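Chain and residue survey
As a plain string of letters, each chain reads:
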Amino acid sequence: MGAVYFYHLTETPLEVTLPVLLGKAREAGWRVLVRGTDRAVMDRLDAVLWERPEDGFLPHGQAGGPHDAAQPILLGDAPADGFACVMSVTGAAVTADEVAACARVCIIFDGQDGDAVQQARDQWKNLTAAGCPAQYWAQDGGRWVKKAETPSESEA
């Protein structure tokens, strides 16, 4: 079973944080789905990923193209089949079954948006109630700090 990590953005925007998280996921050898339901945000993230990181390149594409199955990073509201990692942005839904099937699920939310914070709280409540191991990470002085963790199945 995988785990779900919640990333509470309070110091840097999604456009800065996402390339960093994607780089770490790709270093782990994971194929990544960046799931979002807002087309304008997904278009903006696509443009950002062509520019960042400055010292490298994150190969990616938007869902709906002829090469979706070959994309190491796919952006869109697509099923999680075939992905080791799903990164949910803009409140995109993630199921407990997807958490179980993936190595990692990341829920990235804007701490300046009250609706996004409430939606993340609801996702935490629903996924942990379904037995998904979860961690909550917050930005603190330019670094990530783990603020909460539920026990994994093997620890329970």
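This text goes with the structure placed above it.
Residues numbered from 1 in each chain as written. Predicted model: local features only at pLDDT ≥ 70, side-chain atom pairs only at ≥ 80, totals over all residues. Heavy atoms only, no water.

Some thoughts on unusual backbone geometry
The backbone of Thr-90 sits at a positive phi, close to 50 degrees, despite the residue not being glycine. A relative accessible area of 34% places Thr-90 in the partly exposed class. (Buried < 20%, exposed > 50% of the residue type's maximum accessible area, 1.4 Å probe, protein only.)

Considering the pattern of salt bridges
Under the defined criterion, the tally for this structure stands at four salt bridges. For Arg-44, the salt bridge identified is with Glu-15, shortest N-O distance 2.5 Å. Separated by 29 residues along the polypeptide, Arg-44 in helix α2 (residues 39-51) and Glu-15 in helix α1 (residues 14-27) bring together distant segments of the chain. (Salt bridge = Lys/Arg side-chain N within 4 Å of Asp/Glu carboxyl O. Helix = DSSP H or I, 4+ residues; strand = E, 2+ residues; numbered from the N terminus.)

Looking at the packing of α1 against α2
Running from amino to carboxyl end, α1 crosses α2 at an angle of 60 degrees, the nearest separation of the two axes being 10 Å. In terms of orientation, α1 and α2 fall into the oblique class. Helix-helix and strand crossings are classified by hand; for α1 and α2 the assignment is right-handed. In this structure, α1 uses Leu-14, Glu-15, Leu-18, Pro-19 and Leu-22 to contact α2, whose residues at the interface are Val-41, Arg-44, Leu-45, Val-48 and Leu-49. (Axes fitted to C-alpha atoms, helices over the stretch in contact; angles between N-to-C directions. Parallel < 35°, antiparallel > 145°, perpendicular 65-115°, else oblique. Left-handed = near helix turned anticlockwise from the far one by under 90°. Contact = heavy atoms within 4.5 Å.)

Things to note about the packing of aromatic side chains
The final tally for this structure, using the stated rule, is five aromatic pairs. Centre to centre, the rings of Tyr-7 and Trp-144 are 5.2 Å apart; their planes meet at 90 degrees, and the pair counts as edge-to-face. Placement of Tyr-7 in strand β1 (residues 3-9) and of Trp-144 in strand β8 (residues 143-149) is noted, with a sequence separation of 137 residues between them. Each residue in the set Tyr-5, Tyr-7, Trp-137 and Trp-144 is aromatic and connected to the rest through ring pairs, giving one cluster. Across from the ring centre of Phe-83, 4.0 Å away, lies the NZ or CZ of Arg-31, which sits over that ring. The residue whose ring lies beneath Arg-104 is Tyr-5, and the NZ or CZ to ring-centre distance is 3.9 Å. (Phe/Tyr/Trp six-rings, centres within 6.5 Å; stacked < 30°, edge-to-face > 60°. Lys NZ or Arg CZ within 6 Å of the ring centre and 35° of its normal.)

Keep in mind these numbers describe shape, not what the thing actually does.
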